[in-house]
Each structure stands twice: as structure tokens, then as C-alpha cells.
Amino acid sequence: MGSRVIMECAVGGKFFSPIFSSTRSVAVEKRKLPSLHKKIKFCSSKFKIQASQAEAHLSPEAELQAEKRGSSTGVGVGELIWPSPSDGTPFWKKDFPSSGVSPEVFADVKDSDPKHIIHVTAEMAPIAKVGGLGDVVTGLARACLSRGHTVDIMLPFYECIQKQHIKDLTVITKYNSYHDGNWVPTTAYRGVVSGIPVIFIEPSNLFFKGQYVYGGSYNELEAYLFFSRACLEWMQQVTSTQPDIIHVHEWQTGALPLLYWDIYHHLSLKKPRIVLTIHNMEHYGECSKEQLSKSGLEGSVYASIDKAVDDRTIGHNPERLSLLKGGIVYSNAVVYFGILNGIDITMWNPATDIFLPVKFNDQKPEGKKFCKYYVQRGLGLASEGTQDGNHVPDITYKAPLVVCITRLVPQKGLHLISHAIKHIEELGGQMVILGKASDVRVQTEFEGLAKLHNQGPCIRILLMFSDELSHMLYAAADMVLVPSIYEPCGLTQMIGMRYGAVPVVRKTGGLADTVFDMDDQSNHNKANGYSICVCIYLFIFDRFVFEGIDEGSLNCALDRAFTYFREKPDEWNGIIKKVMEVDNSWNNTAGKYVELYHSI
Ligand code: ADP
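Described in the following lines is the structure provided in the data block. The structure displayed is predicted, hence computed values, not measured ones.

1. Observations concerning helix α3 (residues 220-239)
Thinking step 1. For α3, spanning 20 residues, the distance from its first C-alpha to its last is 27 Å, which sits close to the expected 28 Å at 1.5 Å a residue.
Thinking step 2. Where α3 bends most, the angle comes to about 35°, and this point is E233.
Thinking step 3. For α3, a buried count of 16 out of 20 residues is recorded, marking the element as mostly surrounded by other parts of the structure.
Thinking step 4. For α3, the side-chain oxygen to backbone nitrogen distance between the N-cap and L221 is 3.0 Å, and the N-cap itself is N219.
Thinking step 5. Looking one or two residues past α3, S240 carries a phi angle of roughly 55°, positive in sign.

Set out below in C-alpha cells:
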């Protein structure tokens, strides 16, 4: 829990100087103001989800029909055409109806004294999402909107954003924003995404051009410095917008608090207070003084220990700055997952999910098995009703399907993921990995694994990003594997649960806060998954907990989960229902943010 600290630094133009370290805890030294509140907060909840029963529309007859007819079924399954790997268009790339997601789902909670909050962010789900950052921004924004606040999101207008997902996209202003001695012509657009007003910032230079959110052929650090300033410029010079809160996220927008307090607050932008949320400390925006100067700030002014110098580089030649540290020093409040994330239960709702071939919910989970069958057929995995490619009239093929949906980076436990492939195959299960690697060596390693396994009946390794497929995989999965080495919060275990996939996780960070081991007697009422660190010894010695990142621990967790799945089907169905009932929504956690906004 060392990282779960909210620092409320009531700066008002006066700054604290955190002693920055590479560990997950942060010591804070007060510079000018008298008090600093350091709070440790942890949220868990037991609310029920509000899925509509009417929408999970499978009747037992329909099920029977579906099983008999195979390709097309009655109520709920409709004219479903089972996909195949030989389809010209893969099943996750077909046209889906638009989601029509609105913020109404939370409308029962209204806050008094609503605020105007502007999120300035590098990611937003679903249009510009790489990982959890995008989910969190969208989920939190929608939750606050529905509680009665005014919320806008400011996002770079990445070339890769698919414009058809933006409603009412219009140009609102053309203006100039400073970068490296020039004023760059810039266009601001307004549109609505998933019910949230979004302002898109599009510079006329090369920034944010390319096929993906990150990794274009421009200088990323400079592009985000430009973006941070262009957002303030838009508020100050162009629209005279005075939000109560500017909420920045990660290193990409870490320079905004510096630009705000040292430039724009001296102009006419007086009202806003700044919140910085750090989702993952691995990336901190290493920056030279010269690069920072390109934003219009004098880089050398920030090269001191109480401002933005990265303490770890002191004495090096040259010393480096860290945009994240600068953001910490210059923000009014810093959140390190002191507030547990939620998931957007409208976007992640198996009862209404536009990407699912058949919908389901905790009261009527039957549709889930059609989703599994659909994915198995579409990926060419052996499926219930077939074995070795031949039709088997009675359903005897009982392979648990494990999915792992992740960025393929060391944090996520790459050696455990590749070991899981082997062990799940040995156990007679199935595994689908949907992952994207940014490192060439990791990409090559997983390409090798894909080549080795993807022709067989039980493993698929899909090296790409696909939001659509991720929804279908969560719905199809019996288990979701999250073997992270460290995990500040983690969303995939929560999304998995929402879709009835039992989590198998390493006991670390947010995974330990949200997943409670099935065999841990001390937590029996909360039990909802499997911890990799809890070994089989638990049965024998009661509470003998084995902490580790070794393959044996992973094997134990998978073995236990597989045994349950196969030998205790009724209890397994009970677990599915239980995990689907867990409320990991923003309903609870958004309120913590609102309290924080008020407090600064
Ligand atoms: P992180 O933010 O560290 O990547 P989280 O668990 O917080 O991890 O969030 C990951 C989010 O990104 C989840 O919504 C997950 O479904 C999604 N995701 C990760 N990899 C992929 C992928 N290859 N394709 C589609 N969605 C992905």
C-alpha cells in the first residue's frame, strides 16, 4: 500500500518539493505552506450491479434450439452466423451498431455544488485507448457528468482516431500556440464521445500523426509539451474558460501545472486548481532543460531539486528533468491510486454490449456460453460440441478458456504469461492472449510463440490491439489471467469479473485489493478468484501463503482453478454469479475524486 497516498498540497501558487525517488512511495517536504495532509485511502464495495434482466434474453428453449441448429438460433441468439478463421473479415472487425452509451446510468447520485472539471489527457476510451488510462479518464468523466458536474476532456487529435466514433464533430476555433520559438497554427474541435464533451487539439505540424496513439515519427515529449500548453492557451486566450479543476494524467501532461502556475496564472487564468493522477510511475517523462524550454518555460529554472530535476540524475552530466516530478511539485493534489479505479459499467456491460453475439447478465448467465462458442469457432479453437474438428453430438469437451488481455511489457509478468501457455496446454485448457508489444524483442518472442501454437486447437496468441475483440474475449472467458509483477490498480481483473470470468491474479497492488482467494478461509465471504501467490499448501497447512513470481506459484493457482471448474460445476457457476455481482463501478470511487476536487 506504499503507493496509495493522496498528497493534498494546497499550494495556491506556492509549491512543495517532493523528494522524488524511484520507489513507489513518495516523501514530501513542505516548502512554504503550513500543512500537508497525507491520507491513505482504500475503497472496496459490495453494491450490486444494475444490469437489466430483460436484456439478457436467452430462454432455455432458445438455448436448446441454438445447440441443435448450430449456426442460427431463436430468441436472443437471433440470426447469429457462427464465425470461422477463414472468414474474409475477422469476426471482431465486422460492423457493429453504435453504442449509444449515455451517462444516464449513474443519474441517481447528484452532488451539491457541482464543479467544472477539464481532464487533459493523452488517452480516452474507446477512441484513443492504449491501456487503463483511457478507461479511467472516460469512466471518471462520465461518472462526474452524471453526478451533475460539468466535464470536458481535452485530447490530442491523433490522426488514428476514427472520426465516425465522434458525435457532432465541429471546428470551434483556429488559434496559435507556442512551440520552440514559433506560434503553431492549431485547430480546436468539439465533439461528443460516449456522452462526454471532448475538445480535440490539432496542431498543423507533424505532432500526433501516425497509425497509433503512441510511437509516431515525431518527438513524443515535445508533442505533449506542446499539447499541455495548447490546452491552457485555449482556455486562457481563446475561450476565457475558467474551470474549477484541471485534472492532468501521467507524465504526458505533467508540464501543464508548471505552465499554469508560472505563465497562465499570471495572465487571466486564475480560478483552476490542478489535480494530477499518476496511473503508472514506470514512465516519468525524462526531459532535458533545452526540451522543456521549447514549451516557453526557461528549462534551467526548473533544474533544481525543489522543482523538476530527477533526483536520481543529480551529479550526472547532464542532469535530467522529470515532467512527472514537476507535475507532482506544481499540482494542488496528487493521486497515486489512493483512490481505487472503477470500471465504466455502461461501456463494460455484458447485458448491452454491442460487441457480444449474445448478451447475458448475472441473473441469466447462459449467453456467456454462446460467447465462448462463438469465439472458439471464430478463432478455430476446439469447441464444445466439436473435438479434433469433428462434430460431437453430446457436449463432452470441457476445456476452460483462459484469456489474458494486456500490454506485453515486463510489468505484466511476461515470463508467467508465456509459462501459462505451456501449463494451460498441459492441463487440457485453452488460452487466448490479446496483447500488444512495443518492444521489438518482446514482439519477436511472442511471434515465435504464436507461430508455435496458433495452428493447434487450444492456444491463440493475437499480437494486436482490438477493443472489440477484448469485449468478446472477456465474455467468452472462464478465467482471466493477470500475473503482473506490479500493478498499481489493474482493470482487466475487474472487467473480467463483470463478464463472469474468474480472475487468476498475482497478489500485488490493486490486484490484491480487488481479488480475494477462493481458498483463503479468512476472507471467505469476499472470495472471488485465485491468487498466484497462494499455493496449494493452503489446503494442507491453512494459510501458508507463498509469495513469489515463480512458475510453480502460477501452476498452483491454475491447477486449483481448473480443478474447481471441472470437478465442482455447480460451485463454479456460483463463483461466476458472485464475481458478476461485485461492484467495481465508478459509483463509489468517483465520489472520492469529487471530495478531493472540493478539498482543493
Ligand atoms: P494498463 O493500464 O497497465 O495497461 P489496466 O489493467 O489498468 O492496465 O488496463 C488495461 C486496459 O487496456 C483494459 O481495458 C484492457 O482490456 C485493455 N487492453 C490491454 N491490452 C489490450 C489489447 N491488446 N487489445 C485491447 N484492449 C487491451
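2. Examining the side chain of D310
Thinking step 1. For D310, the location among the structural elements is in the loop between α5 (289-293) and β13 (321-322).
Thinking step 2. One polar contact links D310 to R312, side chain to side chain, over a distance of 2.8 Å.

3. So, the packing of aromatic side chains
Thinking step 1. Taken as a whole, this structure holds 26 aromatic pairs when the rule is applied.
Thinking step 2. Residues W348 and Y499 carry aromatic rings whose centres are separated by 6.1 Å and whose planes lie at 80° to one another, so their mutual orientation is edge-to-face. Pair noted here: W348 is in the loop between β14 (333-335) and α7 (367-379) and Y499 is in the loop between α11 (492-498) and β21 (502-505), with a separation of 151 residues, a long-range link. For the pair W348 and Y499, a shared accessibility class is recorded, and that class is buried.
Thinking step 3. Among the aromatic side chains, those forming a connected cluster through ring pairs are Y158, F207, F208, Y218, Y224, F226, F227 and W251.
Thinking step 4. Across the ring face of Y302, the terminal group of K307 is positioned such that the distance to the ring centre comes to 5.8 Å.
Thinking step 5. The ring of Y284 carries R312 above its face, with NZ or CZ at 4.5 Å from the centroid.

4. Digging into the pairing of strand β17 (residues 401-407)
Thinking step 1. With respect to burial, β17 is a largely interior element, six of its seven residues being buried.
Thinking step 2. Sheet analysis places β17 next to strand β18 (residues 430-436), joined by seven bridges and oriented parallel. Of the residues in β18, the one forming a bridge with R407 is K436.
Thinking step 3. Read from β17 through helix α8 (residues 414-426) to β18, the crossover connection turns out right-handed.
Thinking step 4. Relative to strand β20 (residues 479-482), β17 runs parallel, the two sharing two bridges. Along β20, the bridge assignment pairs V402 with M479.

5. Section: the site of the ligand
Thinking step 1. Taken together, 21 residues are adjacent to the ligand, and G132, D135, R407, K412 and Y474 come closest.
Thinking step 2. At 2.5 Å, a side-chain N or O of D135 approaches an oxygen atom of the ligand.
Thinking step 3. Here M464 contributes a backbone N or O atom positioned 2.9 Å from a nitrogen atom of the ligand.
Thinking step 4. Compared with its free state, where it exposes 570 Å², the ligand has 93% of that area covered by protein.
Thinking step 5. Looking at the shell around the ligand, the elements with two or more residues in it are α2 (132-146), β17, β18, α10 (467-476) and α11.
Thinking step 6. Looking at the shell around the ligand residue by residue, the classes come out as eight nonpolar, eight polar and five charged.

The rules we used
Residues numbered from 1 in each chain as written. Predicted model: local features only at pLDDT ≥ 70, side-chain atom pairs only at ≥ 80, totals over all residues. Heavy atoms only, no water. Helix = DSSP H or I, 4+ residues; strand = E, 2+ residues; numbered from the N terminus. Expected span 1.5 Å × (residues − 1). Bend = angle between axes of the 7 residues up to and from the residue. Buried < 20%, exposed > 50% of the residue type's maximum accessible area, 1.4 Å probe, protein only. Polar contact = N/O pair within 3.5 Å; in protein donor to acceptor, adjacent residues only side chain to side chain. Phe/Tyr/Trp six-rings, centres within 6.5 Å; stacked < 30°, edge-to-face > 60°. Lys NZ or Arg CZ within 6 Å of the ring centre and 35° of its normal. Pairing = 2+ DSSP bridges. Right-handed = clockwise from strand over helix to strand, strands pointing away. Near = heavy atom within 4 Å. Areas by Shrake-Rupley, 256 points an atom, 1.4 Å probe, with all protein chains shown as cover. Nonpolar A, V, L, I, M, F, W, Y, C, P; charged D, E, K, R; others polar.

Interpretation in functional terms is not warranted from these geometric data alone.
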